[in-house]
Amino acid sequence: MAQASNQVVVYIKAQSGDGTGATITQSDLAFRATECTFTQAGEGLIERADTANPFGLPAPPVQGSRRWGIAITASVQPFGDYTNANSNPASPLLKACAALSAVTYDTAAAIALQFPADLQTDVTPCTIEMHEIGGDRYRAIDCVGTVQLVMDAAGRLMGWTFDMQGRWQDPIASTFTSAATTYGNAAADPLPLTFCGATL
């Protein structure tokens, strides 16, 4: 259910803990995603045709476990401070991927990702919402996942992709009325970046 960017607004917000989704309003910073897709994952509807009820009829299907799989693609934006969620909407998404103990984007167009030592304590779950203007709102809480930097054969960074998993929330009608929003302090276009190496 990916949509055109002028019809959809994506919001990501850090949670205070597991099980409690963050409150998101239209005045919050939006994440500049080029594509965002919510896909149902889990068991879904479980058929029980081989199980009889007391009347000898097949037992009705039941709803199994459900969760959201969220795929997000975005350009690498020139934020001055990737750790500041108040000015950078990418910050809570990177923290949910355990990829943000310290990240900077300096005037030389260099970005450094530092992964924390303890993945159990340094991952902060986030809430992700996708609003279709005039359509539905898709929401997942307790989201965690992985991030990949994407580059071409010449080593130029083309962007990053996020593969997230989150707790199921039923889609409802979106109350957001406009796709015009604020994306933080990044410039409108990403700066050209070149992959220089990695330290493990």
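Residues numbered from 1 in each chain as written. Predicted model: local features only at pLDDT ≥ 70, side-chain atom pairs only at ≥ 80, totals over all residues. Heavy atoms only, no water.

Visitor: Whenever I open this one, the overall build of the chain confuses me. Can you help?
Guide: When helices and strands are counted, the chain shows one helix and twelve strands. Starting at the N terminus and walking to the C terminus, you meet the elements of the chain as β-β-β-β-β-α-β-β-β-β-β-β-β. The buried share of the chain, taken over its 200 residues, is 37%. For the chain, the exposed surface amounts to about 10,800 Å²; the carbon and sulfur share of it is 52%. (Helix = DSSP H or I, 4+ residues; strand = E, 2+ residues; numbered from the N terminus. Buried < 20%, exposed > 50% of the residue type's maximum accessible area, 1.4 Å probe, protein only. Areas by Shrake-Rupley, 256 points an atom, 1.4 Å probe, with all protein chains shown as cover.)

Visitor: Would you mind showing me how to read the packing of aromatic side chains here?
Guide: How two aromatic rings sit relative to each other is given by the distance of their centres and the angle of their planes. Overall, the coordinates contain seven aromatic pairs when judged by the stated rule. For the ring pair F38 and Y138, a centre distance of 6.0 Å and an interplane angle of 40° mean the geometry is tilted. Within this pair, whereas F38 is found in strand 2 (residues 33-42), its partner Y138 is found in strand 9 (residues 136-151), the two being separated by 100 residues in sequence. Residue F38 is classed as buried on the basis of its relative accessible area of 1%. Ring centres of W68 and W168 lie 4.2 Å apart, and the angle between their planes is 10°; on these two criteria the pair is classed as stacked. Linking W68 in strand 5 (residues 66-74) with W168 in strand 10 (residues 156-168), this pair joins segments that are 100 residues apart in sequence. One exposure class covers both W68 and W168, and it is buried. Every member of this aromatic cluster is reached through a ring pair, and the members are F38, W68, Y138 and W168. (Phe/Tyr/Trp six-rings, centres within 6.5 Å; stacked < 30°, edge-to-face > 60°.)

Visitor: Looking at this structure, I do not really get the pattern of salt bridges. What am I missing?
Guide: Note that side chains of opposite charge can pair when their charged atoms are close. Inspection of every chain in the model, using the stated rule, returns four salt bridges. Between E129 and R137 there is a salt bridge, with its nearest N and O atoms 3.9 Å apart. Per residue, the accessibility class of E129 equals that of R137, and both read buried. Between R167 and D142 there is a salt bridge whose closest N-O contact spans 3.0 Å. (Salt bridge = Lys/Arg side-chain N within 4 Å of Asp/Glu carboxyl O.)

Visitor: I tried to follow the environment of A98 on my own but got confused; where do I start?
Guide: Counting through the fold element by element, A98 comes out in the loop between helix 1 (91-95) and strand 6 (104-105). A relative accessible area of 6% places A98 in the buried class. Considering only alpha carbons, one finds A98 and T124, 26 residues apart in sequence, at a separation of 7.5 Å.

Visitor: What should I look at first to understand the pairing of strand 1 (residues 8-14) in this one?
Guide: Each regular strand shows side chains that alternate between the opposite faces of the sheet. With five of seven residues buried, strand 1 lies mostly within the body of the structure. Pairing of strand 1 with strand 8 (residues 126-132), which is carried by seven bridges, proceeds in the antiparallel orientation. What sits directly across from V9, in strand 8, is H131. (Pairing = 2+ DSSP bridges.)

Treat this as a map of the structure, not an account of what it does.
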